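So the chains spell out like this:
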Amino acid sequence: MPKVCLLSDGTFKLDGGAMHGVVPKALWEKQNQPDEKNRILLAVNSLLIEYEKEKILIEPGIGSGHSEKFASLYAIDKKRAILSDLNKLGISPEEITMVVPTHLHFDHAGGVADWRTGELLFPNARHIIQEKEWEAAMNPHPKNQASYLPEFLEPLKKAKLEMIDGEKEIVPGVKLVLTGGHTHGHQAVFIETQDKVLAFPGDLIPTRAHVNPLWVMAYDVDPEKSIKMKRWLIENGTKEAWTFVLVHEPVEPVGKIKLENNKYSFNSDRSGFLLCDI
Ligand SMILES: [Zn+2]
């Protein structure tokens, strides 16, 4: 059975309006309070999965070595960092065997390299990326060019890359599923044991406020696909009591989704799935 640990790469901020798409501010600000620049606080949560000799990092995070201007624009706060979390677990970056970003936006894949030096941070790892996502990152549409940045994509070209197209079981019980929606090559991660499922839906459900299938980000390239995939994730996850880990939820990212009075809500709950914490 895979062992799963929750890691953190700190926090940052994005515009609250962009994070909630067409949802009126009067509704979203109750759940995600904006600062004076209308930005909301977001965590960068990651998972470490250990299975036999494999050490798999799901979401390498926002990274390090950003310029001062970039760090202040996004209010990047690295009081936690994946590399120090790994260090606390006694794991060196060289020991990571697989790196799996859900997609190649900077807040998910920025951590593959040090932005200052261009050095890959997990030099021995296979980096597993959906083909469609690689194409989108190499020829970005102007709509999301600001999220696909050369500071980490250039070094990534030198990494051990493994392109996949669609669904793939990377070790027994750990499955990657192409969802599209947020980006054309966005993938979700599922960890399945005998009777339990842990879902890591990436930017399809970034915070607890986003458990409403219609609350999709303005960043999404295919919002109709996002809604369809979110509906599938939320309905099945509720029925089968999946444990969800939400990538940008800053308060408590681990929980289950409940349906009460026709409304879905996210409830913190770590029972039923072993998540080592740091
Ligand atoms: Zn994101």
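For the structure itself, consult the block above.
Residues numbered from 1 in each chain as written. Predicted model: local features only at pLDDT ≥ 70, side-chain atom pairs only at ≥ 80, totals over all residues. Heavy atoms only, no water.

1. Let's talk about the coordination of the zinc ion
Within the first shell, the zinc ion binds the protein through Asp107 (OD), His108 (NE2), Asp203 (OD) and His248 (NE2), at distances of 2.0 to 2.3 Å. Note that the zinc ion binds 4 donor atoms; their angles at the metal cover 83 to 153°, and the shape is irregular. For Asp203, a relative accessible area of 4% puts it in the buried group. (Donors = N, O, S within 2.8 Å, 3.2 Å for Na, K, Ca; no water. Tetrahedral: all angles 85-135°; square planar, octahedral: opposite > 155°, others 65-115°. Buried < 20%, exposed > 50% of the residue type's maximum accessible area, 1.4 Å probe, protein only.)

2. Let's talk about the packing of aromatic side chains
In this structure the tally under the stated criterion is 9 aromatic pairs. Geometrically, the ring pair formed by Phe70 and Phe106 is edge-to-face, given 5.1 Å between the ring centres and 75° between the ring planes. Of this pair, Phe70 sits in helix α3 (residues 68-73) while Phe106 sits in helix α5 (residues 106-109); the two residues are 36 residues apart in sequence, bridging distant segments of the chain. Residue Phe70 is classed as buried on the basis of its relative accessible area of 14%. Judged by centre distance (6.0 Å) and plane angle (40°), the rings of Trp242 and Phe244 are tilted. With a relative accessible area of 5%, Trp242 lands in the buried category. Through successive ring pairs, a cluster of aromatic residues spans Phe70, Tyr74, Phe106, Trp115 and Phe152. (Phe/Tyr/Trp six-rings, centres within 6.5 Å; stacked < 30°, edge-to-face > 60°. Helix = DSSP H or I, 4+ residues; strand = E, 2+ residues; numbered from the N terminus.)

3. Side note on the pairing of strand β1 (residues 3-15)
Most of β1 sits inside the fold, with 10 of its 13 residues counted as buried. Sheet analysis places β1 next to strand β2 (residues 39-51), joined by 11 bridges and oriented antiparallel. Residue pairing across strands places Ser8 opposite Asn45, the latter belonging to β2. Pairing between β1 and strand β14 (residues 275-276): 2 bridges, direction parallel. Bridge pairing in β14 links Val4 to Leu275. (Pairing = 2+ DSSP bridges.)

4. Some points on the sheet that holds strand β13 (residues 263-268)
As summarised here, the arrangement of the 7 strands in space is β7-β8-β9-β10-β11-β12-β13, forming an open sheet in which the pairing is mixed. The sheet is open, and its two borders are formed by β7 (168-171) and β13, each paired with just one other strand. This sheet shows a mean twist of 30° between the axes of neighbouring strands, independent of strand direction. (Axes fitted to C-alpha atoms, helices over the stretch in contact; angles between N-to-C directions.)

5. Notes on the sheet that holds strand β4 (residues 98-100)
Taken together, the 7 strands give an open sheet; going across it, the order is β6-β5-β4-β3-β2-β1-β14, and neighbouring strands pair in mixed fashion. Among the strands making up the open sheet, the edge pair consists of β6 (160-164) and β14. The strands that helix α6 (residues 131-138) touches are β5 (126-130) and β6; relative to β5, the one it contacts most, it runs at about 85°. (Contact = heavy atoms within 4.5 Å.)

Note that every value here comes from positions in space, so none of it alone points to a role or purpose.
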